[in-house]
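Notes for the structure review
Here's the letter readout for the chains.
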Amino acid sequence: MGRKKTDKIVFENIKVLDAGAKGVSVAKAPDGKVIFIPNVVPGDVVDIQTFKKRKAYYEGKAVAFHEFSEDRVEPVCQHFGACGGCKWQNMAYEKQLFYKNNEVFNHLKRIGKIELPDFEPILGSEKQFFYRNKMEFSFSNARWLTEKEIESDEDLGNRNALGFHIPKMWDKILDITECHLQEDPSNAIRNAIRDYANEHGLAFFNPRNHEGLLRTLMIRTASTGEIMVLIQFFEENKEQREGLLNFLLEKFPNIKSLQYVINSKPNDTIYDQNVILFHGRDHILEEMEGLKFSINAKSFYQTNSDQAYELYKITRDFAGLTGNELVYDLYTGTGTIAQFVSKKAGKVIGVEAVPEAIADAKENAKRNNITNCEFFVGDMKVVFNEAFIAQHGKPDVIITDPPRDGMHKDVIDQILKIAPNRIVYVSCNSATQARDLALMDEFYKVAKVRPVDMFPQTHHVENVVLLEKR
């Protein structure tokens with residue numbers, strides 16, 4: 001059965017009212033329904049063409065502007081609009097912070113339905129561009145064409161691309177010449193790889209037919225100045241592979257870690273792949289308050305190093321440690337928070353489901369001469385049980401930093417059973433955080449809230465909450 005055609009309606013002179021979820025803005029149609037529109041700023045007055053109609057809302061795009069919002073700024077990136085990365089680049093940074101703060105407040109109030117203290121003001125990022133320490137790019141032999149290119153009769157020539165997926169299109173890649181998210185030499189490395197590949201006839205991946213040599217590129221940088229480059233090849237071609245990797249070393253001798261993966265499976269995740277070291281060492285070092293953390297190709301590390309430091313300071317401050325406490329750090333990842341708070345704690349126990357992350361955590365603790373941290377692997381809802389607590393002691397403070405979908409109900413039940421004096425809940429999704437806080441509300445009151453902006457130019461926001469026993 002064919003897809004039902006939507007009547008495309010145009011609404012004229014509509015004022016954009018608010019910034020909504022996932023970086024799209026919100027307006028109201030004359031019939032009272034909500035309209036979701038990308039690439040506009042609250043305060044704009046626009047004509048909207050709808051392309052999707054649902055029971056409670058429309059989705060549409062702005063086809064004409066009558067008035068521009070006073071909060072609108074000129075995007076600095078030439079790829080803005082086509083690239084789905086920095087959706088808020090056309091909005092003044094102060095306004096971005098305002099809407100992020102609002103989102104956290106609304107989630108905690110509406111979903112959590114709990115009593116809240118005054119928020120501490122959202123912590124903005126000093127760097128609003130070039131703040132990411134990790135970027136991943138994809139190769140494609142059928143780059144995304146702009147409407148202008150499609151309409152022109154010109155020969156489009158080389159269709160190879162190295163860049164980002166177009167939103168909602170798994171097989172379409174936008175060729176990126178300058179990205180404003182990662183410090184140089186990130187752009188120079190990516191552009192040099194593309195130029196070399198084109199000049200030497202290296203085949204760019206075709207995701208539909210599953211063929212080609214070059215698949216993905218990952219660049220990691222650290223505040224120490226160290227750089228890691230990892231190229232994922234779809235198939236092995238020793239001569240072409242070595243040609244490209246040697247070219248990179250010659251052109252960028254400061255690359256500290258040059259690695260590759262040969263991956264011919266349907267998806268391009270590297271977590272189950274063998275990462276091969278071509279040059280240097282298999283990790284780069286990040287530094288924070290004198291602590292050194294090794295980051296390998298598969299490591300999870302907060303992607304904004306400067307703001308991660310601010311986030312951890314707030315977390316440590318909320319934990320109110322005096323030097324004697326037993327602290328549990330749940331979803332500890334590579335143990336960064338655990339080690340960061342360890343000098344103010346008696347002992348820290350970190351728990352994490354990913355074995356590689358725990359191996360990293362132990363390695364880092366050793367490197368940093370930290371002796372009061374212990375790390376354990378296991379699925380949180382399984383490992384975090386009576387026997388575990390009997391073995392390691394009842395914590396005075398729990399720090400929890402779960403993934404986007406929040407904490408499993410069994411984990412919350414276990415925390416309530418243990419009843420620590422304080423819980424510091426770090427979250428990258430205030431909606432699931434609010435749901436979890438509601439489940440603990442009978443026993444814990446929210447004493448402090450501080451949102452932190454880790455991702456300027458996007459709608460994402462982290463939030464730190466301190467819970468104290470009632």
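Here the residue numbering is sequential within each chain, running from 1 through the sequence in written order. Per-residue local features of the predicted model are confined to residues with pLDDT of at least 70, and side-chain atom pairs are confined, for both listing and counting, to 80 or more; whole-chain, interface and lining totals are unaffected and use all residues. To obtain the side-chain values, all non-hydrogen atoms of the structure were used and water was disregarded.

Quick word on the overall build of the protein
A helix here means a DSSP run of H or I that spans at least four residues, while a strand means a run of E at least two residues long, and both kinds are numbered starting from the N terminus. Regarding its fold elements, the protein presents eleven helices and 21 strands. In terms of C-alpha radius of gyration, the protein reaches 24 Å, essentially the compact-globule figure of 23 Å for 470 residues. Relative accessibility decides the category of a residue: with a 1.4 Å probe and only protein chains considered, values under 20% of the type maximum give buried, values over 50% give exposed, and everything between is partly exposed. Relative to its full complement of 470 residues, the protein shows a buried share of 52%. Computed with the Shrake-Rupley method and a 1.4 Å probe, the accessible areas treat only the protein chains shown as cover for residues. Surface exposure of the protein reaches about 22,200 Å², of which carbon and sulfur atoms provide 49%. Charge counting treats Lys and Arg as positive and Asp and Glu as negative, with His and both chain ends excluded. To locate a charge, take atom NZ for lysine, CZ for arginine, CG for aspartate or CD for glutamate. Of the side chains in the protein, 61 bear a positive and 67 a negative charge, and the two mean positions are spaced by 4 Å. A radius of gyration in this sense is built from C-alpha atoms; the matching globule rule multiplies 2.2 Å by the number of residues raised to 0.38.

What about the environment of Phe 139?
Structurally, the position occupied by Phe 139 is in strand E6 (residues 134-140). Each C-alpha atom, one on Phe 139 and one on Ala 319, is 44 Å from the other, the two residues being 180 residues apart in sequence.

Here's the deal with the environment of Asp 306
Of note, Asp 306 is situated in helix H5 (residues 305-319). Assessed through its relative accessible area of 39%, Asp 306 is described here as partly exposed. Considered as a pair, Asp 306 and Lys 134 are 172 residues apart in the sequence and their alpha carbons are 13 Å apart.

Describing the packing of helix H3 (residues 186-199) against helix H4 (residues 238-251)
Relative orientation of the contacting elements H3 and H4 amounts to 140°, with a least axis distance of 11 Å. One element, H3, and the other, H4, form an angle in the oblique class. The chirality of how H3 crosses H4 is right-handed. Between H3 and H4, the contacting residues are Ile 189, Ala 192, Ile 193 and Tyr 196 on the first element and Gly 243, Leu 244, Phe 247, Leu 248 and Lys 251 on the second. In this analysis, axes come from line fits to C-alpha atoms, helices being fitted only over the stretch in contact, and the angle between any two N-to-C directions falls in the range 0 to 180 degrees. When describing relative orientation, an angle under 35 degrees is termed roughly parallel and one over 145 degrees roughly antiparallel, while 65 to 115 degrees is termed roughly perpendicular and anything else oblique. Note on convention: the crossing is left-handed when the near helix lies turned anticlockwise from the far helix by less than a right angle, right-handed when the turn is clockwise. In what follows, residue pairs with any heavy atoms lying within 4.5 Å of each other are defined as contacts.

Quick word on helix H1 (residues 93-111)
Take the number of residues in a helix, subtract one, and multiply by 1.5 Å to get its expected span. Along its 19 residues, H1 runs 27 Å from first to last C-alpha, staying within 8% of the 27 Å computed at 1.5 Å per residue. Every buried residue of H1 is accounted for by Tyr 93, Gln 96, Leu 97, Tyr 99, Lys 100, Val 104 and Leu 108. The arc enclosing the buried residues of H1, seen along the axis, measures out at 165°, which places them on a common side. Projecting away from the buried face of H1 at angles above 90 degrees are the exposed residues Glu 94 and Arg 110. The secondary structure elements touched by the buried residues of H1 are strand E1 (10-19), helix H11 (430-440), strand E20 (444-452) and strand E21 (462-469). Lys 113 lies just past H1 and shows a positive phi near 50°. Note that the arc is defined by the directions from the helix axis to the C-beta atoms.

What to know about the packing of aromatic side chains
Note on aromatic pairs: the rings of Phe, Tyr and Trp (six-membered ring only in Trp) are paired at centre separations within 6.5 Å, and the planes decide the class, stacked below 30 degrees, edge-to-face beyond 60, tilted for the rest. In total, this model carries 17 aromatic pairs according to the counting rule given. Considering the side-chain rings of Tyr 312 and Phe 340, the 5.8 Å spacing of their centres and the 55° angle between planes classify their relative orientation as tilted. A residue pair is termed long-range when its members are at least 10 positions apart, and Tyr 312 in helix H5 and Phe 340 in helix H6 (residues 336-342) qualify at 28 residues. Here Tyr 312 falls in the buried class, since its relative accessible area comes to 4%.

Quick look at the pairing of strand E15 (residues 326-330)
For E15, a buried count of five out of five residues is recorded, marking the element as mostly surrounded by other parts of the structure. Both faces of E15 are covered, namely the face carrying Leu 326, Tyr 328 and Leu 330 and the face carrying Val 327 and Asp 329. Taken together, the five bridges between E15 and strand E16 (residues 347-352) define a ladder with parallel strand orientation. Counterpart to Leu 330 in the pairing with E16 is Val 351. Classification remark: right-handed applies to a crossover when, strands pointing away from the viewer, the course from the first strand over the helix to the second runs clockwise. In terms of handedness, the path from E15 via H6 over to E16 forms a crossover that is right-handed. When DSSP finds two or more bridges between a pair of strands, those strands are recorded as paired. Sheet topology note: the E15/strand E18 (residues 397-400) ladder contains four bridges and is parallel. By the bridge assignment for E18, Val 327 is matched with Val 397.

Observations regarding the side chain of Gln 339
Take Gln 339: it is sitting in helix H6. With residues near it in sequence (within four places) discarded, Gln 339 still touches Leu 291, Phe 293, Thr 334, Ala 361, Asn 364, Ala 365, Asn 368, Ile 370, Cys 373 and Phe 375.

With respect to the pattern of salt bridges
By definition here, a salt bridge exists when the distance from a side-chain nitrogen of Lys or Arg to a carboxyl oxygen of Asp or Glu is within 4 Å. Summed over all chains, the structure comprises 22 salt bridges. Between Lys 134 and Glu 136 there is a salt bridge, and its shortest N-O distance comes to 3.7 Å. Of the charged contacts, one joins Arg 194 and Asp 175 as a salt bridge, the two residues approaching to 2.9 Å between their closest N and O atoms. Of the two residues, Arg 194 sits in helix H3 while Asp 175 sits in strand E8 (residues 173-175), which places them 19 residues apart along the sequence.

Considering the sheet that holds strand E4 (residues 45-53)
The mixed closed barrel is built from five strands, whose spatial order is E1-E2-E3-E5-E4. Averaged over neighbouring strand pairs, the angle between their axes works out to 50° when direction is ignored. Pairing between E4 and strand E5 (residues 57-67): eight bridges, direction antiparallel. Residue pairing for E5: Asp 47 is matched across the bridge by Ala 64.

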